[in-house]
Amino acid sequence: IGILFAAGSRTYLAERRRFTYNDSLNQIVTFIKTSRNYAVTSRSAFLADGTSVVPPEGYGVHISRSDVAGASKVRLFANVGAADKTNQFDAGDLVEEEFTLPKITKFEAMLKDAKDAIPALSEAVIIFRPPLAETFISNNLEPDTPANVVDTLYLRFSNRESPTGADKQFISINRTAGFPELELRQ
């Protein structure tokens, strides 16, 4: 009975960790789809003073990167911050939802294609502007420079507990359509 319990416990814990990893990626995809839907429907955001406004610069998703397990954050926000930072996430934006990536999930990079990482990445921002959900993708550093604007964005994630490091997944977003897709690649 002890041997069966030990074997079953190990399998259960491995499956639970894999579920947590996959669930966190699905949550990010859901945030991206939600922010796109909010922009298309011109959803109102409620500001701190109680007024509501349709953010002219739309809604977005901000993903912060950290090498510390459990320190990366994913935010769904209304882009109502500073006028000179309309294509970025900043402290003036209204965070509608937020979650911390679980320790098992590592946000590795934002890529221009499946291999080419954008240098000095510490975060990724996807913004959808109403009424047609025009998509803007940046690394939140200098979003107005052509080097930081990409047509297709790939967000690379990995499972910190994968022994070979081969368990990488990508979320790809085409700037024209704005629909996210989850891809498993080795």
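Quick look at the structure, then.

Conventions and cut-offs
- Residues numbered from 1 in each chain as written.
- Predicted model: local features only at pLDDT ≥ 70, side-chain atom pairs only at ≥ 80, totals over all residues.
- Heavy atoms only, no water.
- Phe/Tyr/Trp six-rings, centres within 6.5 Å; stacked < 30°, edge-to-face > 60°.
- Helix = DSSP H or I, 4+ residues; strand = E, 2+ residues; numbered from the N terminus.
- Buried < 20%, exposed > 50% of the residue type's maximum accessible area, 1.4 Å probe, protein only.
- Contact = heavy atoms within 4.5 Å.
- Polar contact = N/O pair within 3.5 Å; in protein donor to acceptor, adjacent residues only side chain to side chain.
- Salt bridge = Lys/Arg side-chain N within 4 Å of Asp/Glu carboxyl O.
- Pairing = 2+ DSSP bridges.
- Axes fitted to C-alpha atoms, helices over the stretch in contact; angles between N-to-C directions.

Let us now look at the packing of aromatic side chains. Scanning the model with the defined rule gives four aromatic pairs in all. With centroids separated by 5.1 Å and ring planes inclined at 70°, the aromatic side chains of tyrosine 38 and tyrosine 59 adopt a geometry described as edge-to-face. Taken together, the residues tyrosine 38 in helix 1 (residues 2–40) and tyrosine 59 in strand 3 (residues 59–64) connect sequence positions 21 residues apart. You'll find tyrosine 38 and tyrosine 59 in the same group, each marked buried.

With that settled, consider the environment of tyrosine 21. Following the sequence through the fold, tyrosine 21 ends up in helix 1. Note on tyrosine 21: relative accessible area 0%, which makes it buried. As a C-alpha pair, tyrosine 21 and glutamate 161 span 140 residues in sequence and 9.8 Å in three-dimensional space. Dropping the residues within four chain positions of it, tyrosine 21 is found in contact with Ile104, Thr105, Phe157, Ser158, Asn159, Asp167, Lys168 and Gln169.

This next bit is on the side chain of serine 72. Considering the arrangement of structural elements, one finds serine 72 in the loop between strand 3 and strand 4 (73–78). A distance of 3.3 Å separates the side chain of serine 72 from the backbone oxygen of serine 64, its partner in a polar contact. Excluding anything up to four places from it in sequence, serine 72 contacts Ser64, Arg65, Ser66, Phe99, Thr100 and Leu101.

Proximity of charged atoms lets side chains of opposite charge pair with each other. Tallied over the full model, the rule gives eight salt bridges. Of the charged contacts, one joins arginine 17 and glutamate 161 as a salt bridge, the two residues approaching to 2.5 Å between their closest N and O atoms. Highlighted residues: arginine 17 in helix 1 and glutamate 161 in the loop between strand 9 (152–159) and strand 10 (168–174), separated in sequence by 144 residues. Under the relative-accessibility criterion, arginine 17 is labelled partly exposed at 35%. Of the charged contacts in the structure, one is a salt bridge between glutamate 57 and arginine 129, with a shortest N-O distance of 2.7 Å. Of this pair, glutamate 57 sits in the loop between strand 2 (52–53) and strand 3 while arginine 129 sits in strand 7 (residues 123–129), and the two are 72 residues apart along the sequence. Of the residues examined, glutamate 57 reaches a relative accessible area of 22% and is grouped as partly exposed. Note on arginine 129: relative accessible area 14%, which makes it buried. In this structure, a network of salt bridges that share partners links the residues Glu108, Arg156 and Lys168.

Right, let's get into the sheet that holds strand 8 (residues 134–138). The strands making up a sheet associate through backbone hydrogen bonding, with each pair oriented either parallel or antiparallel. The sheet built from five strands is open, its strands ordered 5-4-3-7-8 with antiparallel pairing. Because the sheet does not close on itself, it has two edges, and the strands there are strand 5 (94–100) and strand 8. The sheet shows a mean angle of 15° between the axes of neighbouring strands, taken without regard to direction. For strand 3 and strand 7, the ladder comprises six bridges, and the chain directions are antiparallel. Across the sheet, serine 64 pairs through a bridge with glutamate 123, a residue of strand 7. Against the sheet, helix 1 engages strand 3, strand 4, strand 5 and strand 7, with an angle of about 155° to strand 3.

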